[in-house]
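# Coordinate inspection notes
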Amino acid sequence: MPDAARRPFQFLADARAPMPAGQLAERARRAEEAGFHALVIPDHLIDQMSPAPAMAVIAASTGRLRIGAFVFNNDLRHPAVLAQDLATLDVLSGGRLDVAIGAGWNQAEYDAIGLALEPGPVRVHRLEEAVAVLKGCFGEGPFSFEGSHYRITDYDAGPRPVQRPHPPFMIGGGGRRILSLAAHEAQIVGLAPTAAGNLPRFRRDTTRQQVAWVREAAGDRFGELTLNVYASFHPLTVTDDARGEARRVVDALRERAGVDLTEDEVLASPHLWIGSVDALVEKIQGLREELGITSFMLGDPDEMLPIVERLAGS
């Protein structure tokens, strides 16, 4: 993939544990100085910071670092309300916002607040409409929208974001329909380690198939897209005993998730990150060369630092 091979890497780290604003600001400044592309906040109804206020702190304490969620659960907010929050954050940050949004997935969170987790096609269709509403809110002048899930009538949203016509969208998922939506509407496509479409979880072949779906749906705009993968299930682990750690992950995946992988499949997975710094650097370079993936969200910035120091901007 020659275009992707020339595109520099982007590294995203996350911050989720509740902390005072000064501590979060210091973490953000360290990430910026180290060459990270963004510091992002997950969106879950657990003991973690809410994305929007945390993003505001990150924006206020940095000058280049991009801000975003990873990713907003569309089912938790009306898109017009979310649009005002996001446009405000883009203004506050001077145009450093990425709009990252997905269809939701965590059954336990839905159950805890009495919200129905509807079938995947329903949630993806609602996300399609939400993206249209968000872009309408970010546009010029009043707009109307009539869908199955949202109705907007002559709404003149404000404030307007700094980035025009809108901030970059990141849409993530694992199935063909949501990845096709991302291919048409987003600038960044998040490839998730899901079992959608009966594809096996976590395997590199699954990511390869997902990239093929995105390529087919995107057509001529495929070369403009940034492809992202992220660490899932097991934290980034820098170790000289990669196979020993991979064996532990194999057992944990089988016991906790019903997923059967070999050690080699664990070490090759775009969503499981275990090995020496040299091995992880080589893996990242290989994913860019083979699949055109250039954006990586691997968790804690301190753990990622040795990798970012080697690869940021290259």
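Refer to the structure printed above.
Quick summary incoming for the structure in this document. Here the structure is a predicted model, which means the values were calculated and not measured. Residue numbers run consecutively from 1 along every chain, following the written order of its sequence. Predicted model: local features are reported for residues with pLDDT of at least 70 only, side-chain atom pairs are reported and counted for 80 or more only, and whole-chain, interface and lining totals are derived from all residues. Only heavy atoms go into the side-chain values, all of them from the structure, while hydrogens and water stay out.

### A closer look at the overall build of the protein
- Per the convention used, a helix needs a DSSP run of H or I reaching at least four residues, while a strand needs a run of E reaching at least two, with both numbered from the N terminus. The number of helices and strands found in the protein is twelve helices and 13 strands.
- When contacts within the protein are restricted to residue pairs at least 6 apart in sequence, long-range pairs at least 24 apart make up 68% of them.
- Note on areas: these come from Shrake-Rupley sampling with a 1.4 Å probe, and a residue is covered only by the protein chains present in the view. Counting every atom, the protein has about 13,500 Å² of accessible surface; 51% of that belongs to carbon and sulfur.
- Charge convention: Lys and Arg are scored as positive, Asp and Glu as negative, and His as well as the terminal groups of each chain are ignored. Each charge is placed at NZ for Lys, CZ for Arg, CG for Asp and CD for Glu. On the protein, the mean spot of the 32 positive side-chain charges and the mean spot of the 42 negative ones are 2 Å from each other. Every residue pair with non-hydrogen atoms within 4.5 Å of one another is taken to be in contact.

### A word on the packing of aromatic side chains
- To pair, rings of Phe, Tyr and Trp, with the six-membered ring standing in for Trp, must have centres within 6.5 Å; the planes then decide the type, stacked if under 30 degrees apart, edge-to-face if over 60, and tilted in the middle. Considering all chains together, one arrives at eight aromatic pairs under this definition.
- An aromatic cluster is present here, built from Phe9, Phe11, Trp273 and Phe296 joined pairwise through their rings.
- Directly above the aromatic system of Phe169 lies the positively charged group of Lys135, at a separation of 5.2 Å from the ring centroid.
- Taking the ring centre of Phe9 as reference, the NZ or CZ of Arg288 above it sits at 3.8 Å. We count a charge as sitting over a ring when the NZ of a lysine or the CZ of an arginine lies within 6 Å of the ring centre and within 35 degrees of the ring normal.

### Points about helix 9 (residues 242–257)
- In this scheme, a helix's expected span is set at 1.5 Å multiplied by one less than its residue total. With 16 residues, helix 9 ought to run about 22 Å at 1.5 Å a step, and its terminal C-alpha atoms sit 21 Å apart, in line with that.
- Throughout this description, buried means an accessible area under 20% of the type-specific maximum (1.4 Å probe, protein chains only), exposed means over 50%, and partly exposed covers the range between. What helix 9 keeps buried is the set Ala242, Gly244, Glu245, Ala246, Val249, Val250 and Leu253.
- Check the buried side of helix 9 and you find it contacts strand 11 (237–238), helix 10 (263–268) and strand 12 (274–275).
- Two residues or fewer after helix 9 comes Gly258, characterised by a positive phi angle close to 65 degrees.

### Side note on the environment of Ala31
- In this structure, Ala31 sits in helix 2 (residues 21–34).
- Between the C-alpha atom of Ala31 and that of Ala182, which follows or precedes it by 151 residues, the distance is 27 Å.
- Beyond its immediate stretch of four places on either side in the chain, Ala31 contacts Phe36 and Leu65.

Everything listed is a geometric property; what it means functionally is a separate question.
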